[in-house]
Amino acid sequence: MNKPGLPITLRGITKAWPGAVALDDVHLTMPAGQFSAILGPSGCGKSTLLRMIAGLETPSHGKIFIDDRDVTALPADQRGLSFVFQSYALFPHLSVAENIVFGLRTRRVARAERTQRLAEVAQLLGLGPYLDRKPAQLSGGQQQRVALGRAIIAKRAICLMDEPLSNLDAKLRQTMRGELRALQQQLGFTMVYVTHDQVEAITMADQVVLMNAGRVEQVAAPDVLYLKPQTVFAARFIGTPAMNILPAAALGALGQGLEQAAGRGLAVGLRPEALVQLPQSPVVLSCTHAEYLGADALAHGHIGGHPVVMRVAGADMPRPGAQLPLGFAPQDLHLFDFATEHRTEVAGLSGIFLRAGMPTAKPTGAVASPFKPKDD
Amino acid sequence: MDRRDWVYGWLLVLPAMVFLGLFTHLPAITTIWNSFFSTPRGRRPKLFVGLENYQRLLDDPVFWKVMVNNLWFALGTIPLSIALALIMALSVQRAFAGRALVRMAYFTPTVLPLIAVANIWLFFYTPGFGLIDQITGVFGLGQSNLLGSPDTALVAVMVVTVWKEAGFFMIFYLAALQTIPPQLSEAAKIEGASAGTVFWRITFPLLMPTTLFVSINAVINSFRMVDHIFVLTGGGPDNASSLLLFYIYETSFRFWDTAYGATLTVVMLALLGLLAIGQFLIFDKKVHYK
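What counts and what doesn't
Residues numbered from 1 in each chain as written. Chains lettered and ligands numbered in written order. Predicted model: local features only at pLDDT ≥ 70, side-chain atom pairs only at ≥ 80, totals over all residues. Heavy atoms only, no water. Helix = DSSP H or I, 4+ residues; strand = E, 2+ residues; numbered from the N terminus. Buried < 20%, exposed > 50% of the residue type's maximum accessible area, 1.4 Å probe, protein only. Contact = heavy atoms within 4.5 Å. Core = buried A, V, L, I, M, F, W, Y, C linked by side-chain atoms within 4.5 Å. Polar contact = N/O pair within 3.5 Å; in protein donor to acceptor, adjacent residues only side chain to side chain. Buried area = accessible area lost by both parts, 1.4 Å probe. Salt bridge = Lys/Arg side-chain N within 4 Å of Asp/Glu carboxyl O. Pairing = 2+ DSSP bridges. Right-handed = clockwise from strand over helix to strand, strands pointing away.

Student: Explain the environment of alanine 22 of chain A residue by residue, including any values.
Tutor: Residue and element names in this part refer to chain A. Its location among the elements puts alanine 22 in strand E2 (residues 20-30). Alanine 22 sits in the buried class, given a relative accessible area of 14%. It is 7.2 Å that separates the C-alpha atoms of alanine 22 and cysteine 44, two residues lying 22 residues apart in sequence. Setting aside anything within four residues of it in sequence, one finds alanine 22 in contact with Lys15, Trp17, Cys44, Gly45 and Gly214.

In structure tokens, the structure reads:
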């Protein structure tokens, strides 16, 4: 029922106020018909970026292209996109039906076509019984659907969403994640979805744009972001609990070997799910306490004075004070330049492990990935 | 509920009940009661006269004059001051340099004491050397006596009232505008709505509860208007600028015809009650409450 999505390209987008920089030289492409999630902590500029694509704010520098057309100076309604607000921004005095067809009315679409499209959208979103109600008479999830209806009825090539699920309870959020993804794939528009919730980004998106302090940290598919984070920030932001980051020296001989091979100071990253107990290992976790989660448990402790979390089976929770020799597969070891915090690779890892007397565990990365396999 | 709670509850509302009863309900009932009696004068006590006072009222040309005056006064000041208030509120809602100053300027007429306001305007209107005549004098136009001529006296009073009321009503509109999330107009803009459409389809309907509140207040105020008239015209010339409440004051406390004053008051109370109820009924269908 839809036009195919259009690509969005950002070139050197900067937004600065006196004394503050919200966005710093952002270059980005959102491929046509794909689901791009802009992910980052609050205050990283992700919403500002989205509002600029929408035309609700203007960049200080840089250009925005939609399908090779420079839209930087175009007003919001001429960019051919729709927007779903975090608060839904439903018009409280209008009925559900009037809310959904609001845009068609302002664009003077004939009544017959309005009625027909409204019926289609109501059918698609299951809003049929509620068309005469006011937004205040609907539950949060139903209001969310009305906002979606208003966004998709115009059949725009691009849909922008600003944290649309954050006002829903956890269970509904999970349902809506699936529905949003299905809707986007069914209608084929280009989706730009802002969220601070890594689970939303990872489960729904084709491409995740990870932002931090006004800059793009990494643009990658969800699994690549998890398996090969390019910076310490990306490594710690994706995955729950967060990746353990330690100075290489905390790993003793192995750390020295790695730094020698790299020729500079390193930070090592180890995901809690990559760590396994390995009796002969020289790397020892002094357990301080453990958290029981059911199937899993988290063992908290220190390695060489640095805090480390390890995921263990719920059945073998360590006691506080236990000394646990730990191992991990060379593939599960993430290395970052200590100074720049950028990812770096060191060749001949297994040799270095061997020379440092460090036994190697079986790789767990693929198995440990908590994210569902991609569906395409 | 046990008996002690019941007593406790009544004790809590007692102070409010005493004061409301003493100063609101009792005088109202006394007024209605007095309207059926003649005015006591000297040794002659008041006598029950039935509806005689009301008959007199229907035959009183001054009563009809002030009623018509009041109608024109209400029609002339209410829509204008509400429209002005809304325009002023919309104009100072956006951020711009000196916004606080402009807001203050709009609100100043409301803060000033009524008598001071009337005196300022008295100076504007003074024939010969008042501000208006000084300005028209520059262009060689003749003197005017806006307050002194029967054709313009009421209009001159109305201008002062609009000037004063608009700033007051603006505050309510400003407060109401703050409660409308900016996302609503952003959402409308993305859907292709012009500034006019945003106002008429979104902002104005959402301001309806405020408009209802403000218009009821405006109607009540237009019938309570008395102080400007004291200072500006004294109701003259020839009752040209006299309004109902001013006539009630004159009848009761200048001519001491208290029974007829009570009769006029009953009419005014009935009128205000009906207007308020009517407005609620009419607006209720059109007002969206959150």
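Student: Requested: an account of the nonpolar core, with residues and values cited.
Tutor: Grouped together as the largest cluster of nonpolar side chains are 74 residues, with contacts concentrated most on Leu10, Leu49 and Leu160 of chain A. Here this core takes 10 residues from helix H3 (residues 61-91) of chain B, the largest share from any one element. Leave out the neighbours within four places in its chain, and leucine 160 of chain A touches Leu50, Ile53, Ala54, Leu81, Ser82, Phe83, Val84 and Val192 of chain A. Judged by nonpolar contacts, the second largest core, of 49 residues, contains Ala37, Leu90, Val109 and Cys159 of chain A.

Student: Describe the side chain of asparagine 70 of chain B, naming the residues involved and giving the relevant values.
Tutor: All names here are of chain B. Checked against the element boundaries, asparagine 70 lands in helix H3. Within the structure, the side chain of asparagine 70 is placed 3.1 Å from the backbone oxygen of serine 222, a separation counted as a polar contact. A distance of 3.1 Å separates a polar atom in the side chain of asparagine 70 from the backbone nitrogen of leucine 244. Those residues in contact with asparagine 70 that lie beyond four places of it in its chain are Ser222, Phe223, Leu243 and Leu244.

Student: I'd like to hear about the interface of chain A and chain B, residue by residue, with values.
Tutor: With 24 residues of chain A at the interface, the matching set in chain B holds 16 residues. Across the interface of chain A and chain B, roughly 1,800 Å² is buried in total on both sides, 66% from carbon and sulfur atoms. Inspection of the region where chain A meets chain B yields 2 salt bridges. Between arginine 51 of chain A and glutamate 186 of chain B there is a salt bridge, with its nearest N and O atoms 2.6 Å apart. Where chain A touches chain B, the interface holds 5 residue pairs in polar contact (both at pLDDT 80 or more).

Student: So what about the pairing of strand E8 (residues 190-195) of chain A? Which residues, and what values?
Tutor: All names here are of chain A. With 6 of 6 residues buried, E8 lies mostly within the body of the structure. Burial along E8 is two-sided: the residues Thr190, Val192 and Val194 and Met191, Tyr193 and Thr195 are all buried. Bridging between strand E3 (residues 35-39) and E8 involves 5 bridges; their strand directions are parallel. Pairing of isoleucine 38 across the sheet is with valine 194, part of E8. The pairing of strand E7 (residues 158-162) with E8 spans 5 bridges and is parallel. Residue leucine 160 lies in a different strand from E8, and its bridge partner there is valine 192. Of the crossover connections in this fold, the one passing from E7 over helix H6 (residues 170-187) to the parallel E8 is right-handed.

Student: Go over the sheet that holds strand E16 (residues 306-313) of chain A with me, naming the residues and quoting the values.
Tutor: The sheet built from 5 strands is open, its strands ordered E13-E17-E14-E15-E16 (chain A) with antiparallel pairing. Unpaired on one side and paired on the other, strand E13 (276-277) and E16 of chain A mark the two borders of the sheet.

Student: Hey, could you go over the environment of phenylalanine 213 of chain B for me, with residue numbers and the actual values?
Tutor: Within the fold, phenylalanine 213 of chain B resides in helix H10 (residues 208-224). For phenylalanine 213 of chain B and lysine 46 of chain B, which are 167 residues apart along the polypeptide, the C-alpha to C-alpha distance reads 41 Å.

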